[in-house]
Amino acid sequence: MGLSIPHLLVVLVIVILVFGTKRLKNIGADLGEAIKGFRSAVKEGSEDKAIANKEEEPLEGEVTNKEKDRA
């Protein structure tokens, strides 16, 4: 048994009466900023992980673990 359109409209009217339009607008804006922050943090984390996984080229004359193992 799902919610129909009239049920959703009644719920919306009750929410507007309880919280008011101004507070709902602020809640929506805060929620939007939280989602943006979460997305940017996830993107930043994946970029950091990609950089950490990238193997760096050794500098000229630098002794690497591979060269130590050969000796």
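As the structure is a computational prediction, the values presented were derived from the model and not from experiment.

**Student:** I would appreciate a short explanation of helix H1 (residues 5-19) in the present structure.
**Tutor:** Each α-helix winds once per 3.6 residues, and so residues spaced three or four apart point in a common direction. The terminal C-alpha atoms of H1 lie 21 Å apart, and with 15 residues this matches the ideal 21 Å at 1.5 Å per residue to within 8%. Looking one or two residues beyond H1, the residue adopting positive phi is Gly20, at roughly 85°.

**Student:** Which parts of the structure should I look at to understand a nonpolar patch on the surface?
**Tutor:** A grouping of Val10, Ile14, Val18, Phe19 and Ile27 is seen on the molecular surface, where their side chains present a nonpolar patch of about 450 Å² in accessible area. Sorting elements by how many residues they give to the nonpolar patch places H1 first, with four residues. Position of Val10 relative to the elements: it lies in helix H1.

Parameters at a glance
- Residues numbered from 1 in each chain as written.
- Predicted model: local features only at pLDDT ≥ 70, side-chain atom pairs only at ≥ 80, totals over all residues.
- Heavy atoms only, no water.
- Helix = DSSP H or I, 4+ residues; strand = E, 2+ residues; numbered from the N terminus.
- Expected span 1.5 Å × (residues − 1).
- Patch = residues over 30% accessible without salt bridge, like charges linked within 9 Å, V, L, I, M, F, W, Y side chains within 5 Å.
- Areas by Shrake-Rupley, 256 points an atom, 1.4 Å probe, with all protein chains shown as cover.
- Salt bridge = Lys/Arg side-chain N within 4 Å of Asp/Glu carboxyl O.

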